[in-house]
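# Examining the three-dimensional arrangement
Residue strings, one per chain:
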Amino acid sequence: MCNTQLLKQGKSTWLGHNSNRNAAEAQLVVRLPATFNDRAPKVRTTYIDIPQCPNRFGVILSRPYWMWGAEMGANDQGVVIGCASVRTRLSRKYGKALLGQDLLRLALERALNAEDALSIITQLIVRYGQGGPSSYRSRAQGRDTSFTIADAKETWLLETSGHWWVAKRIQDVSVLSDSLTIADEYDLARPGIEDFARREGFCGRFQAFDFHRAFGAHDRYLSGFSSSPARRASSMHHLETQLHGNPEWSDMLAGLRLHQRERESYRQHGNADICMHAGGLLRPRQTCSSMLVKLKQNEHPLIALSATSAPCLSLFSPVDFNPQNDWYIFNKSTESNPAEARANSLWLQFESVHRRALLDKDFCSSLKRSRDSSESALLSAWQEGVDAKELNAMVASWHAEWLDASQADEIRWNHWIGYERFWKNC
């Protein structure tokens, strides 16, 4: 149930991504430096080994703590990618291959530009396919993946089903929300895709080929249940209102914090929200981390991430590729010990703040007011070139203040209320 929003407006390109996953699934924000002349012959992705590339670009990733790949990220060449899982005719229920998140990370590590990233992902899909559980709770679910790929010059929408794919250039706005969207208006495709679809009976012999209709039969049923069309429509409406203006960070962040309707209680929210709040069996997904990137030609990308659950309650913090800037939200643990990485993450620390806000209306209101004020000052200082140490101090101070406030007394969950029982047991 991820949501990726892309807006090309004037000389700027904005890419925002909400990673909607299981409610208790921690995400880590990590910065990996560029690598040169690596002699390792193989790299272990989440499930399989593939040949390693000796020279790799530096990357900033937001990734589920147990997974090698990432939900979203950027590299030091200005390439940005967000991905969304989708169920198609060819999604594998069992077996192991590359996850969509693995493909995203591999592309960022190896791609000089957006077109290069597109080529890398499609070649890997054709060779290795996609497969393996993409959820740390449900171990028998395989998904295919859609990708939004951008640099300062061009942007692509890439949609896949098994070993097959189509891609479309994006001219102004685009939204991914866990369902196929490309019909017959693609710019590139794997050779032979139409013949394959007709041979397998996905497309009639005399019927015009439509990728969504041919490969997304299962997706259409599930997307309706998960409210994917409603989320996509909500995001598209917000982006189109920004298309002819001059959007600021606050405008684009508002798009990641959208709720279909504001409610008195988070238990009343639904799957149609862009900023998703989990609430039980029919609403198990939560926005676990968010990213917003602004790209302009001949300038370094500006990257901000939440690193915590629920963007409507989170402070977006700046990051960059300068090794001298040890940003507060970066996870310091190694990839070799996922449990340790989760235990030491900002994500887990913030959960006491997030969960208290779910129950305590006064706490939640104060948190949002404080966040709005602090975030405005932080982003303004960042764009004015304030030193990273000062920005880090602002971020650390805000988190420390609200962590202390959230732990003033114990959260009391009511076991007899299903919503509260769900969160108590997460």
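Relevant structure appears above.
First things first, this report covers the structure right here in the doc. Numbering of residues begins from 1 in every chain and follows the order in which that chain's sequence is written. Local features in this predicted model are restricted to residues of pLDDT 70 or higher, and side-chain atom pairs are both shown and tallied only at a pLDDT of 80 or more, whereas totals for entire chains, interfaces and linings draw on every residue. Note: side-chain values were computed over all heavy atoms of the structure, leaving out hydrogens and water.

## Let's talk about the side chain of K294
Operational definition: Helix and strand assignments come from DSSP, with helices taken as H or I runs of at least 4 residues and strands as E runs of at least 2, each series counted from the N terminus. Each residue is placed in one exposure class: buried if its accessible area under a 1.4 Å probe, protein chains only, is under 20% of its type's maximum, exposed if it is over 50%, and partly exposed if it falls in between. We score Asp and Glu as negative and Lys and Arg as positive, and we do not count His or the chain ends. The salt bridge definition used is simple: a Lys or Arg side-chain nitrogen within 4 Å of an Asp or Glu carboxyl oxygen. Note on contacts: a residue pair qualifies if any of its non-hydrogen atoms lie within 4.5 Å across the two residues.
In this structure, K294 sits in strand β14 (residues 285-296). Here K294 occupies a buried position and makes no salt bridge, while the nearest side chain of opposite charge, E248, is found at 5.8 Å. Not counting residues up to four positions away in its chain, the partners in contact with K294 are S12, T13, W14, W249, P301 and L302.

## Describing the packing of helix α6 (residues 228-242) against helix α7 (residues 249-256)
Worth spelling out the cut-off: Only the contacting stretch of a helix is used when fitting its axis, a line to C-alpha atoms as for every element, and angles between N-to-C directions run 0 to 180 degrees. When describing relative orientation, an angle under 35 degrees is termed roughly parallel and one over 145 degrees roughly antiparallel, while 65 to 115 degrees is termed roughly perpendicular and anything else oblique. By the convention adopted, Pro, Cys, Tyr, Trp, Phe, Met, Ile, Leu, Val and Ala count as nonpolar, Lys, Arg, Asp and Glu as charged, and the other residues, Gly among them, as polar.
Relative orientation of the contacting elements α6 and α7 amounts to 170 degrees, with a least axis distance of 10 Å. One element, α6, and the other, α7, form an angle in the roughly antiparallel class. Across the interface between the two elements, H238, L239 and Q242 of α6 pack against D251, M252, A254 and G255 of α7. By residue class, the composition of the contact of α6 with α7 is 3 nonpolar, 3 polar and 1 charged.

## Section: the pairing of strand β11 (residues 164-169)
A regular strand places its side chains so that they alternate between the two faces of the sheet. We apply this condition: By definition, two strands form a pair when at least two bridges between them are found by DSSP.
As paired strands, strand β10 (residues 155-161) and β11 are joined by 6 bridges and run antiparallel to one another. Bridge pairing in β11 links S161 to W164. Counting the residues that bridge the hairpin from β10 to β11 gives 2 residues, and of these G162 lies at a positive phi of roughly 60 degrees. One ladder, built from 2 bridges, connects β11 with strand β13 (residues 188-189); its direction is antiparallel. Paired with A167 across the bridge in β13 is L188.

## A closer look at the packing of aromatic side chains
Let me state the cut-off plainly: The pairing test for Phe, Tyr and Trp rings, Trp by its six-membered ring, is centres within 6.5 Å, and the orientation test on the planes gives stacked under 30 degrees, edge-to-face over 60, and tilted for anything in between. Counted as over-ring charges are cases with an Arg CZ or a Lys NZ within 6 Å of the ring centre that also lie within 35 degrees of the ring normal.
One pass over the full model with this rule turns up 12 aromatic pairs. Chaining the aromatic ring pairs together yields one cluster made of W164, Y186, F196, F202, F209, F211 and F215. Above the face of the W68 ring, R105 is positioned so that its terminal group lies 4.0 Å from the ring centre.

## Some points on the pattern of salt bridges
A pair can form between side chains of opposite charge whenever their charged atoms are brought close. Using the criterion set out here, one finds 16 salt bridges in the structure. For R257, the salt bridge goes to E375, with nearest N and O atoms at 2.8 Å. Here E375 lies in helix α10 (residues 361-383) and R257 lies in the loop between α7 and β14, a separation of 118 residues in the sequence. Residue R257 is classed as buried on the basis of its relative accessible area, which comes to 13%. Relative accessible area serves as the criterion here: at 6%, E375 is assigned to the buried category. What emerges from the salt-bridge pattern is a single network uniting R21, E25 and E71.

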